[in-house]
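The residues making up each chain are set out below.
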Amino acid sequence: MPGAVGVNGADGMHLLVVGCGSVGRRHLGNLRNLGARQLSAVDARPDRLAEASDTAGDLQTYSDLDRALETDDLDGVLICTPPHLHMPMAQKVAERGLN
């Protein structure tokens, strides 16, 4: 089936997780276990990026969402920040044509 992903859902994808608090780290660990090809993470706090790397292994990390969205091969974005921050971030993601 064209465009189908692997049995595990994230197989072969490059995903960006925005926000590396407890929810973001949980998502990163789960995505790694599901076979995501490449994971990236963005958070303004360096300590959270370090914890995310400990959780999910090899990550490309960013402290700025705009810079992270410049990545050419992103397949999708998971916004894991507090709810009141979702809308402006979701708008930036949508402007890049990502889900």
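Since this is a predicted model, take the numbers as computed values, not measurements.

A.B. asks: Got a minute to help me understand the pattern of salt bridges in this structure?
C.D. replies: Once the charged atoms of two side chains with opposite charge are near each other, the side chains can pair. Within the structure shown, the criterion is met by five salt bridges. We note a salt bridge from R25 to E51, for which the minimum N-O separation is 3.0 Å. Highlighted residues: R25 in helix 1 (residues 22-33) and E51 in helix 2 (residues 46-56), separated in sequence by 26 residues.

A.B. asks: I keep staring at the packing of helix 1 against helix 2 and nothing clicks. Help me out?
C.D. replies: The angle between the axes and the distance between the axes are what describe a pair of packed helices. Following both chains from N to C, one finds helix 1 and helix 2 inclined at 30 degrees, their axes separated by 9 Å at the closest point. In terms of axis orientation, helix 1 runs roughly parallel to helix 2. Remark: the crossing between helix 1 and helix 2 carries right-handed chirality. Contacts between helix 1 and helix 2 pair R25, L28, G29 and R32 from the former with E51, A52, T55 and A56 from the latter. Split by residue class, the contact of helix 1 with helix 2 holds three nonpolar, two polar and three charged.

About the cut-offs
- Residues numbered from 1 in each chain as written.
- Predicted model: local features only at pLDDT ≥ 70, side-chain atom pairs only at ≥ 80, totals over all residues.
- Heavy atoms only, no water.
- Salt bridge = Lys/Arg side-chain N within 4 Å of Asp/Glu carboxyl O.
- Helix = DSSP H or I, 4+ residues; strand = E, 2+ residues; numbered from the N terminus.
- Axes fitted to C-alpha atoms, helices over the stretch in contact; angles between N-to-C directions.
- Parallel < 35°, antiparallel > 145°, perpendicular 65-115°, else oblique.
- Left-handed = near helix turned anticlockwise from the far one by under 90°.
- Contact = heavy atoms within 4.5 Å.
- Nonpolar A, V, L, I, M, F, W, Y, C, P; charged D, E, K, R; others polar.

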